Amino acid sequence: MSVVIETTLGDITVDLFIKERPLTCLNFLKLCKLKFYNYNLFHSIQHGFIAQTGDPTGSGHSGTSVWGVIEGPHKRYFEGETLPKIKHSEFGLLSMVSSGGNMIGSQFFFTLGQDLTSLDGIHCVIGEIVEGHDVLRKLNEVICDEKYRPYKDVRITHTVILEDPFDDPRGFKEPSRSPSPTPRRLQGGRIAADEEIDDTEGKTEEEINELLQAQEAKARATILEIVGDIPDADIAPPENVLFVCKLNPVTTDDDLELIFSRFGKVKGCEVIRDATTGASLQYAFVEFDDQKSCEDAYFKMNNVLIDDRRIHVDFSQSVAKVKWRGKGRGVYHMKDDKRNGKPGERRNEDRRRHQDDRRRDRSPERRRERSPIPRRNESSRYYDRDSHRSSARRRSRSLERRVESRSVDRHRPRRSRSPRNVQRSRRSPTPDHNRRISRNNGRNEKRPARVKRSGSSSSEQGREEKRKKQKRNKTKKSKKSRTSSDDSSSSDSQDYRKQSKKKKKKHKKDR
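Residues numbered from 1 in each chain as written. Predicted model: local features only at pLDDT ≥ 70, side-chain atom pairs only at ≥ 80, totals over all residues. Heavy atoms only, no water.

(A) Layout of the side chain of T24. For T24, the location among the structural elements is in helix α1 (residues 22-33). Of the polar contacts made by the side chain of T24, one reaches the side chain of E81; its length is 2.6 Å. (Helix = DSSP H or I, 4+ residues; strand = E, 2+ residues; numbered from the N terminus. Polar contact = N/O pair within 3.5 Å; in protein donor to acceptor, adjacent residues only side chain to side chain.)

(B) View of the sheet that holds strand β12 (residues 280-288). A sheet is described by the order of its strands in space; here four strands give the open sequence β11-β12-β10-β15, paired in antiparallel fashion. Strand pairing shows two members of the sheet lacking a second neighbour, β11 (266-273) and β15 (312-315), which therefore form its edges. Taking the axes of each pair of neighbouring strands and ignoring which way they run, one obtains an average angle of 20° across the sheet. Bridge count between strand β10 (residues 241-245) and β12: five bridges; the pairing is antiparallel. What sits directly across from L242, in β12, is V286. Packed on one face of the sheet, helix α6 (residues 253-260) meets β10, β11 and β12 and runs near 140° to β11. Where helix α7 (residues 291-300) meets the sheet, it contacts β10, β12 and β15, and its direction lies at approximately 145° from that of β15. (Pairing = 2+ DSSP bridges. Axes fitted to C-alpha atoms, helices over the stretch in contact; angles between N-to-C directions. Contact = heavy atoms within 4.5 Å.)

(C) Region of interest: the confidence of the model for the chain. Residue-level pLDDT values for the chain average 78, and 69% of them are 70 or greater. Least confident of the elements in the chain is helix α11 (residues 431-444), whose mean pLDDT is 50; most confident is strand β4 (residues 50-53), at 96. A low-confidence stretch, residues 416-428 stays under pLDDT 50, and its non-local contacts, those more than four residues away or across chains, total 10 contacts. Low pLDDT, under 50, characterises residues 449-455; the stretch is placed with two contacts to residues that sit more than four places away or in other chains. (pLDDT = per-residue confidence, 0-100.)

(D) Examining the pattern of salt bridges more closely. The full count for this structure, using the stated rule, is nine salt bridges. Here D164 ties to K30 by a salt bridge, and the two come within 2.6 Å at their closest N and O atoms. Residue D164 is found in the loop between β9 (156-161) and α4 (183-186), and its partner K30 is found in helix α1; the two are separated by 134 residues along the sequence. For E287, the salt bridge identified is with K267, shortest N-O distance 3.9 Å. Taken together, the residues span a long stretch of sequence, with E287 in strand β12 and K267 in strand β11 at a distance of 20 residues. Residue classification places K267 among the exposed positions, given a relative accessible area of 52%. Salt bridges here are not isolated pairs; linked through shared partners, they connect K30, K33, D164 and D168. (Salt bridge = Lys/Arg side-chain N within 4 Å of Asp/Glu carboxyl O. Buried < 20%, exposed > 50% of the residue type's maximum accessible area, 1.4 Å probe, protein only.)

Shown next as structure tokens:
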């Protein structure tokens, strides 16, 4: 079942949930049939939340059910349905307002957002909007005060029932026509929906001209905001900055600061210069500490002769150093970075450092020149280069010393570890020691070749071969153990071992 609700913004068509909420839908339909909602004010519109109406007084504290209209104030409220549960999860739902304990009267609201879970279980959803979502979006954009009350009235003008499946309650009388609005119904409003506001009424011609100029300035500011020159149309330039033009090209920042400092403390003074050449563009900005000093300088410094030029002084309209915080958050003034050098030179240096790397060669020297990191001076760079060279020389000298020591160690005669080396032994000669020497000398002497005997010669040869094999195995094992222990040693130690072995062999041959 559908109902058309006509408002000052447009028509809204609502489908009711008659099966889920029969008693509450009956109350709403009969109130629409009685024309109870005609000229009711939308007394609360919260952006993205709800738009509430249904109070004939427009205060938000009144309203009654259809049984209260017929039988009296003792039946002002009735208890609505709670099951099945219908949540406020979509945009454009119609819900009856509960005054507590699910007690319902005549007030209702439209949802202007999604997933309004704070309303679930408190208020009773009875329908949804099927036509007129554009009207609901207009309702969502209405300008309101801090209490969510609209400045310009939005009212229900008429209600039309397309189909009514319920019987009229006892004592119900349908009006023959729509009633005319009463002063009680129209109270609580501010600016009527059809009211025309004349801003020039009761004003003089001078006040009207000022108003027109303010409107034109507002329109120009809006255009600049659309173009992107200013962040917001309501932004205003600082009131403590003067604009000085028609300057002599030889006039510098220090000259202007000295001249204007007689009116008060000067926070900053900058002559604007060309970005490439650094030449003066013959205008400047002078920022004072307070507004009064700025006004005194404006009245006294206009058309003054500075460096054979008559200057012109005016209040600054520039917002280049004003940064916008966002809608409703205001602005703040950016402070200049304290850098050395003239403004033109600073801009040129910044531009050089931030040029596009793709248009130039990608050598490391060029990257260092273009890097935004401040470069070190020449003296520190040469100092680093000399220190690098000295450190390289130290390394090369240390390497040369190591190589020399290794070569000396290789040619130096080393003491053998074997106890049989009698010549290099440092122990004092003893009788036992002499006996060992004689035995060793006897072993090392060449013996005559043995004559092969028949019979036992084969067994003796086999024994000698076994002994030789055992000696070979022992030498191999000793070599493996030495190599495993000396794997971590350097190549110099390996060369030393090879040389010591060669010397031992030579020594044996000589003996």
